[in-house]
Amino acid sequence: AQSVSQHNHHVILSEAASLELGCNYSYGGTVNLFWYVQYPGQHLQLLLKYFSGDPLVKGIKGFEAEFIKSKFSFNLRKPSVQWSDTAEYFCAVYNTNAGKSTFGDGTTLTVKP
Amino acid sequence: GAVVSQHPSRVICKSGTSVKIECRSLDFQATTMFWYRQFPKQSLMLMATSNEGSKATYEQGVEKDKFLINHASLTLSTLTVTSAHPEDSSFYICSAREGRPQSEQYFGPGTRLTVT
């Protein structure tokens, strides 16, 4: 069965620090990759997505992610976090064969002002 | 961007009653809709996938007779929690996807169900 692993459960950073959240998946077939953010009290929003092409994708709010096929990874990065980035971050892998997504357990990011 | 709405946003019901949650895609045709359940501080757990006009495909461990899903049109799917119990209390989120390749999933705002 397909699985998605997010290595960091809770990350605490100071403003202006750099961020990298890990995401690895287990499925070897064709996948679409996503990072979603859930701000406190709000619903899921798409940060960025990868379907094909350039493995380095840029999303909203200065976030980017790199797809490394050989490592089955899709890590999320941001060079300088802000207090407003405090939220829950979810990595998701859409299995094109099965027609459904699997979500990681999420990473809680707390940015201290 | 595409919008998915859910109604109601919050519902409180008594044990043994049934509750219906609606999910609508407002500005696109949702060939596929997904229903998730999210527990506090946890990830989204896929309950079922439904394609318009077809029976829903339930994930292992999800009771299809308890969680009735109907995807009658390309813009509406409903989840009915039948004979609700307190352990069904949770946050239910729907998601919709167009049928074209490289389409993303759009998420609704969720419905908070509390069974007393």
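Cut-offs applied
Residues numbered from 1 in each chain as written. Chains lettered and ligands numbered in written order. Predicted model: local features only at pLDDT ≥ 70, side-chain atom pairs only at ≥ 80, totals over all residues. Heavy atoms only, no water. Disulfide = S-S within 2.5 Å. Helix = DSSP H or I, 4+ residues; strand = E, 2+ residues; numbered from the N terminus. Buried < 20%, exposed > 50% of the residue type's maximum accessible area, 1.4 Å probe, protein only. Contact = heavy atoms within 4.5 Å. Buried area = accessible area lost by both parts, 1.4 Å probe. Salt bridge = Lys/Arg side-chain N within 4 Å of Asp/Glu carboxyl O. Nonpolar A, V, L, I, M, F, W, Y, C, P; charged D, E, K, R; others polar.

Could you give me a rundown of the state of the cysteines, with the residues and numbers involved?
Within this structure, the stated rule accounts for two disulfides over all chains. The side chain of Cys23(A) participates in a disulfide bridge whose partner is Cys91(A); the two sulfur atoms lie 1.9 Å from each other. Disulfide Cys23(A) to Cys91(A): torsion about the S-S bond roughly -65°, handedness left-handed. Here the residue Cys23(A) occupies a position in the loop between strand E3 (19-21) and strand E4 (24-25), and Cys91(A) occupies one in strand E10 (residues 87-95), the gap between them amounting to 68 residues. The pair formed by Cys23(A) and Cys91(A) is uniform in burial state, with each residue classed as buried. Put simply, Cys23(B) and Cys94(B) are joined by a disulfide, and their sulfur atoms are 1.9 Å apart. Because the sign of the S-S torsion sets the handedness, a value of about 75° for the bond joining Cys23(B) and Cys94(B) places this disulfide among the right-handed ones. Linking Cys23(B) in strand E3 (residues 19-25) with Cys94(B) in strand E9 (residues 90-97), this pair joins segments that are 71 residues apart in sequence. In this structure, Cys23(B) and Cys94(B) share a single accessibility class: buried.

Summarise the interface of chain A and chain B; cite the residues concerned and give the values.
In many analyses, interface size is given as the accessible surface area lost on bringing the parts together. Taken together, the contacts link 18 residues of chain A with 17 residues of chain B. Summing both sides of the interface, chain A and chain B together bury roughly 1,500 Å²; the carbon and sulfur share of this comes to 53%. Our count for the chain A to chain B interface comes out at two salt bridges. For the salt bridge of Glu104(B) with Lys49(A), the shortest nitrogen-to-oxygen distance reads 2.6 Å. Broken down by secondary-structure element, the contributors of at least two residues to the side of chain A that touches chain B are strand E5 (31-38), strand E6 (45-50), E10 and strand E11 (100-103) of chain A. With four residues, E5(A) is the largest single contributor of residues to the side of chain A that touches chain B. Residue composition of the side of chain A that touches chain B, by class: eight nonpolar, seven polar and three charged.

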